[in-house]
Amino acid sequence: MERRNSGRFLNARYWSCYVFFNALVILGFCVILARASRLQLIEYPLWLERSQIQTEATLRVPTFRGSIYDRQGRLLSFSVPQRSLYADAAKVDPRGRLAARLR
């Protein structure tokens, strides 16, 4: 009767599964690292532009506020269309020439 050495077979099978699993884990990390590098280095301008489009938007909001009435229904206050003017302090001439022109 011939006995099989099952211990050696299990040991070889264990090590082959161990090496295969570790190779899969390392390969997975390499794929993740490659994808992250691609996003950060190669596709950076595309994602920067998309983020700026999403965060920097100009919206026109209507300024009509409506009338205010008291409890008897009498008009207390109403909106009057007016023009407004504003200036960006970073772009205004510091010597005051613009202020003199606006007077």
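Residues numbered from 1 in each chain as written. Predicted model: local features only at pLDDT ≥ 70, side-chain atom pairs only at ≥ 80, totals over all residues. Heavy atoms only, no water.

**Q** Lay out the overall build of the protein chain with the relevant residues and their values.
**A** Broken down by element type, the protein chain carries three helices and two strands. The order of helices and strands in the protein chain, counted from the N terminus, is α-α-β-β-α. Of the roughly 11200 Å² that the protein chain leaves accessible, carbon and sulfur atoms contribute 59%. (Helix = DSSP H or I, 4+ residues; strand = E, 2+ residues; numbered from the N terminus. Areas by Shrake-Rupley, 256 points an atom, 1.4 Å probe, with all protein chains shown as cover.)

**Q** Lay out the side chain of Glu-43 in plain terms, naming residues and giving numbers.
**A** Its location among the elements puts Glu-43 in the loop between α1 (6-42) and α2 (44-55). A polar contact of 3.0 Å, which involves the side chain of Glu-43, links it to the side chain of Trp-47. Leave out the neighbours within four places in its chain, and Glu-43 touches Arg-35 and Arg-38. (Polar contact = N/O pair within 3.5 Å; in protein donor to acceptor, adjacent residues only side chain to side chain. Contact = heavy atoms within 4.5 Å.)

**Q** So what about the packing of aromatic side chains? Which residues, and what values?
**A** Two numbers describe a pair of aromatic rings. These are the distance of the centres and the angle of the planes. Taken as a whole and judged by the stated rule, the model has three aromatic pairs. Their ring planes at 75° and their centres at 5.4 Å tell us that Tyr-14 and Trp-15 sit as a pair that is edge-to-face. Aromatic side chains Tyr-14 and Tyr-18 sit 6.2 Å apart centroid to centroid with 20° between the ring planes, which places their arrangement in the stacked category. With Tyr-14 and Tyr-18 both in helix α1 and four residues apart, this pair spans about one turn of that helix. Within the aromatic cluster, the residues linked to one another by ring pairs are Tyr-14, Trp-15 and Tyr-18. (Phe/Tyr/Trp six-rings, centres within 6.5 Å; stacked < 30°, edge-to-face > 60°.)

**Q** Describe the pattern of salt bridges, naming the residues involved and giving the relevant values.
**A** On inspection of all chains with the given rule, the structure shows three salt bridges. The salt bridge partner of Glu-43 is Arg-38, with a shortest N-O separation of 3.1 Å. Given a relative accessible area of 42%, Arg-38 falls into the partly exposed group. Notably, a salt bridge pairs Arg-74 with Asp-70, separated by 2.9 Å at the nearest N-O pair. Its relative accessible area of 52% is what places Arg-74 among the exposed residues. One salt-bridge network, in which partners are shared between bridges, spans Arg-35, Arg-38 and Glu-43. (Salt bridge = Lys/Arg side-chain N within 4 Å of Asp/Glu carboxyl O. Buried < 20%, exposed > 50% of the residue type's maximum accessible area, 1.4 Å probe, protein only.)

**Q** Just give me the short version of a nonpolar patch on the surface, but keep the residues and values in it.
**A** Together, Tyr-14, Trp-15, Tyr-18 and Val-19 make up a nonpolar patch on the protein surface, roughly 450 Å² of accessible area in all. Using a relative accessible area of 45% as the deciding quantity, one classes Trp-15 as partly exposed. (Patch = residues over 30% accessible without salt bridge, like charges linked within 9 Å, V, L, I, M, F, W, Y side chains within 5 Å.)

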